[in-house]
Amino acid sequence: KAGVTQTPRYLIKTRGQQVTLSCSPISGHRSVSWYQQTPGQGLQFLFEYFSETQRNKGNFPGRFSGRQFSNSRSEMNVSTLELGDSALYLCASSAGTLVESPLHFGNGTRLTVT
Amino acid sequence: SQQGEEDPQALSIQEGENATMNCSYKTSINNLQWYRQNSGRGLVHLILIRSNEREKHSGRLRVTLDTSKKSSSLLITASRAADTASYFCATDGNSGGSNYKLTFGKGTLLTVNP
């Protein structure tokens, strides 16, 4: 089975712009989660989707949004980028409906905001 | 806020030695998971231990869980240079299964010197 695929791998944007990141989960996995990783804050949960429904959301401003499509692929969008949004954004998929199944992570999208 | 906190923050050992990392968490959990991350890449799931389990083994990995102390430890035996990575514990919280996120600690950076 192919793993979790995230595109693009690297992205450089300017303050004020918006960005869309894409994630393709492992085939058959219906849960997709997004995490932001920074040296200072570590791994922070953004949101989780299951069957196109957002089931949980972390403590991020409304500039961070996401969605999931009927084929389980997911996108996250960040509008009005700030310097502090520079981070590694990780997507993970899971086979289980509850957090009893491990997460399978992609290699992330490295976003740099200048 | 971080649910899990790893200790130590960094650990440097020689090949062949054992490495022990600890994790403490704050609230009750359904399960605790350990992940590994090689530099700049996604996380890889290592082992999941449920709240009613006390010890679990997987190859050279041994995980213990003490729910009374809200702590877990990860032991890597006979370490190899390829074990060099950051190690994270993650907890799901115990919210009757309605919590679809993992909360990660800030990790332990393990360096295994050849």
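What you see is a predicted model, and the numbers here were worked out from it, not measured in a lab. (Residues numbered from 1 in each chain as written. Chains lettered and ligands numbered in written order. Predicted model: local features only at pLDDT ≥ 70, side-chain atom pairs only at ≥ 80, totals over all residues. Heavy atoms only, no water.)

### Remarks on the overall build of chain B
Reasoning step 1: Scanning chain B from terminus to terminus reveals zero helices and eleven strands.
Reasoning step 2: Start at the N end of chain B and walk to the C end: the helices and strands fall as β-β-β-β-β-β-β-β-β-β-β.
Reasoning step 3: Against the globule reference of 13 Å for 114 residues, chain B gives a C-alpha radius of gyration of 14 Å, in line with a compact fold.
Reasoning step 4: Across its three principal directions, the C-alpha atoms of chain B cover 45 × 30 × 20 Å.
Reasoning step 5: Sequence separation of at least 24 residues holds for 56% of the intrachain contacts in chain B that already meet a minimum separation of 6.
Reasoning step 6: Summing over all exposed atoms, chain B offers an accessible surface of approximately 5,200 Å²; the carbon and sulfur share of this is 44%. (Helix = DSSP H or I, 4+ residues; strand = E, 2+ residues; numbered from the N terminus. Rg over C-alpha atoms; globule rule 2.2 N^0.38 Å. Contact = heavy atoms within 4.5 Å. Areas by Shrake-Rupley, 256 points an atom, 1.4 Å probe, with all protein chains shown as cover.)

### Re the interface of chain A and chain B
Reasoning step 1: The interface of chain A with chain B comprises 26 residues on the first partner and 21 residues on the second.
Reasoning step 2: Of the roughly 2,000 Å² buried between chain A and chain B, counting both surfaces, carbon and sulfur atoms make up 53%.
Reasoning step 3: Joining chain A to chain B, the criterion identifies zero salt bridges.
Reasoning step 4: Counting across the chain A and chain B interface gives six residue pairs in polar contact (both at pLDDT 80 or more).
Reasoning step 5: The biggest single contributor to the side of chain A that touches chain B is strand β5 (residues 42–50) of chain A, with five residues.
Reasoning step 6: When the residues that make up the side of chain A that touches chain B are grouped by side-chain class, the tally is ten nonpolar, eleven polar and five charged. (Buried area = accessible area lost by both parts, 1.4 Å probe. Salt bridge = Lys/Arg side-chain N within 4 Å of Asp/Glu carboxyl O. Polar contact = N/O pair within 3.5 Å; in protein donor to acceptor, adjacent residues only side chain to side chain. Nonpolar A, V, L, I, M, F, W, Y, C, P; charged D, E, K, R; others polar.)

### Let's talk about the environment of Thr64(B)
All names here are of chain B.
Reasoning step 1: With respect to the helices and strands, Thr 64 occurs in strand β7 (residues 61–66).
Reasoning step 2: Along the chain, Thr 64 and Asn 18 lie 46 residues apart, while their C-alpha atoms are 15 Å from each other.
Reasoning step 3: When neighbours within four sequence positions are excluded, Thr 64 is seen to be in contact with Ile 49, Arg 54, Glu 55, Ser 71, Ser 72 and Ser 73.
Reasoning step 4: Within the structure, Thr 64 has its side chain in polar contact with the side chain of Ser 73 (distance 2.6 Å).

### Re the pairing of strand β9 (residues 87–94) of chain A
All names here are of chain A.
Reasoning step 1: Of all eight residues in β9, eight are buried; the element is thus mostly enclosed.
Reasoning step 2: Burial along β9 is two-sided: the face carrying Ala 87, Tyr 89, Cys 91 and Ser 93 and the face carrying Leu 88, Leu 90, Ala 92 and Ser 94 are both buried.
Reasoning step 3: The sheet contact formed by strand β4 (residues 31–38) and β9 spans seven bridges and is antiparallel. The residue of β9 that forms the bridge with Val 32 is Ser 93.
Reasoning step 4: Both β9 and strand β11 (residues 109–113) contribute to a ladder of three bridges, which runs antiparallel. Residue pairing across strands places Ala 87 opposite Leu 111, the latter belonging to β11.
Reasoning step 5: As judged from the two bridges shared by β9 and strand β10 (residues 104–105), these two strands associate in the antiparallel manner. Counted as the bridge partner of Ala 92 is Phe 105 from β10. (Buried < 20%, exposed > 50% of the residue type's maximum accessible area, 1.4 Å probe, protein only. Pairing = 2+ DSSP bridges.)

### Here's the deal with the side chain of Glu48(A)
Reasoning step 1: Here Glu48(A) lies in strand β5.
Reasoning step 2: Using a relative accessible area of 0% as the deciding quantity, one classes Glu48(A) as buried.
Reasoning step 3: Among the polar contacts made by the side chain of Glu48(A), one reaches the side chain of Arg55(A) at a distance of 2.7 Å.
Reasoning step 4: Beyond its immediate stretch of four places on either side in the chain, Glu48(A) contacts Ser31(A), Val32(A), Ser33(A), Thr53(A), Gln54(A), Arg55(A), Asn56(A) and Tyr100(B).

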